[in-house]
Amino acid sequence: WMTRRPGPGCRTVSSACRTDHRRRPAPWAVVQDNPASMLQQRTLRSITRAVGVGMHSGQKVELTLRPAPPDTGIVFRRVDLAVPVEIPVRFDVVSDTRMASTISAGGDPGAPKVQTIEHFMSACCGLGLDNLLVDITADEVPILDGSAASFVFLLQSAGIALQPAPKKFIRV
């Protein structure tokens, strides 16, 4: 009565199972899997989007994550403003750290800002992403599930691409 054996993790006990149980690399896996690839800059393979709500503001927020050329860094673009403003993620643009990590254009607290970036930046760091353009439609990154996990899933779903430039490191 059973024409094929169910694979590992398959709950089907009949021939209705059409799952191919051979192991395949995940579609978001990095192209090269060697230690030298950790020294290359990384960006996304494709554009991806997410919609959520800002934790402090309660505003609906749309994020569009785009690949960026080598040596761009991670740059937030406030596309909801009449004149879009780019805010690169650097230590000298941090304008506030009370209740959330906030960056603003030129580090000026009165300039356009992006708040609550810590979970998103944690996901980027964990995946080794160096270059990314982040279009955002409000002044706060959406909270999603409250952790970096949703951002990791979103970034991995877009795929990670190695770039032909070495990573740059800061000695502390």
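Owing to the predicted nature of the structure, the values given are computational and were not obtained by experimental measurement.

Another point: the overall build of the protein chain. On a plain count of helices and strands, the protein chain comes out with 2 helices and 10 strands. Buried residues in the protein chain amount to 38% of all 172 residues. A sequence separation of at least 24 residues applies to 63% of the contacts in the protein chain between residues at least 6 apart. Of the accessible surface of the protein chain, which amounts to about 10,400 Å², a share of 57% is contributed by carbon and sulfur atoms.

Quick look at the sheet that holds strand S2 (residues 48-53) now. The 5 strands lie next to each other as S2-S3-S9-S4-S5, forming an open sheet whose pairing is mixed. Either end of the sheet is taken by a strand with one partner, and the two such strands are S2 and strand S5 (85-88). Neighbour-to-neighbour, the strand axes of this sheet turn through a mean angle of 20°, independent of strand direction. Note that strand S3 (residues 60-67) and strand S9 (residues 132-136) share 5 bridges and pair antiparallel. Residue pairing in the sheet places Arg66 in a bridge with Leu133 of S9. Helix H1 (residues 118-127) rests against S3, strand S4 (74-78) and S9 of the sheet, and its axis sits at about 145° to S4. Relative to S2, helix H2 (residues 149-158) is tilted by about 160°, and along the sheet it contacts S2, S3 and S9.

Right, let's talk about the sheet that holds strand S7 (residues 102-104) for a bit. As summarised here, the arrangement of the 3 strands in space is S6-S7-S8, forming an open sheet in which the pairing is antiparallel. Both outer strands of the open sheet, strand S6 (94-96) and strand S8 (113-114), are each paired with one neighbouring strand and no more. For S7 and S8, the ladder comprises 2 bridges, and the chain directions are antiparallel. Across the sheet, Ile103 pairs through a bridge with Val114, a residue of S8.

Next up on the list: the packing of H1 against H2. To characterise two packed helices, one gives the angle between the axes of the helices and the distance between these axes. Viewed as axis vectors pointing N to C, H1 and H2 meet at an angle of 50°, and their least axial separation amounts to 8 Å. The orientation of H1 relative to H2 falls into the category oblique. Judged by the twist between their axes, the crossing of H1 over H2 is right-handed. Only Phe151, Val152, Leu155 and Gln156 of H2 make contact with H1, whose side of the interface consists of His119, Phe120, Ala123, Cys124 and Leu127.

Analysis parameters
- Residues numbered from 1 in each chain as written.
- Predicted model: local features only at pLDDT ≥ 70, side-chain atom pairs only at ≥ 80, totals over all residues.
- Heavy atoms only, no water.
- Helix = DSSP H or I, 4+ residues; strand = E, 2+ residues; numbered from the N terminus.
- Buried < 20%, exposed > 50% of the residue type's maximum accessible area, 1.4 Å probe, protein only.
- Contact = heavy atoms within 4.5 Å.
- Areas by Shrake-Rupley, 256 points an atom, 1.4 Å probe, with all protein chains shown as cover.
- Pairing = 2+ DSSP bridges.
- Axes fitted to C-alpha atoms, helices over the stretch in contact; angles between N-to-C directions.
- Parallel < 35°, antiparallel > 145°, perpendicular 65-115°, else oblique.
- Left-handed = near helix turned anticlockwise from the far one by under 90°.

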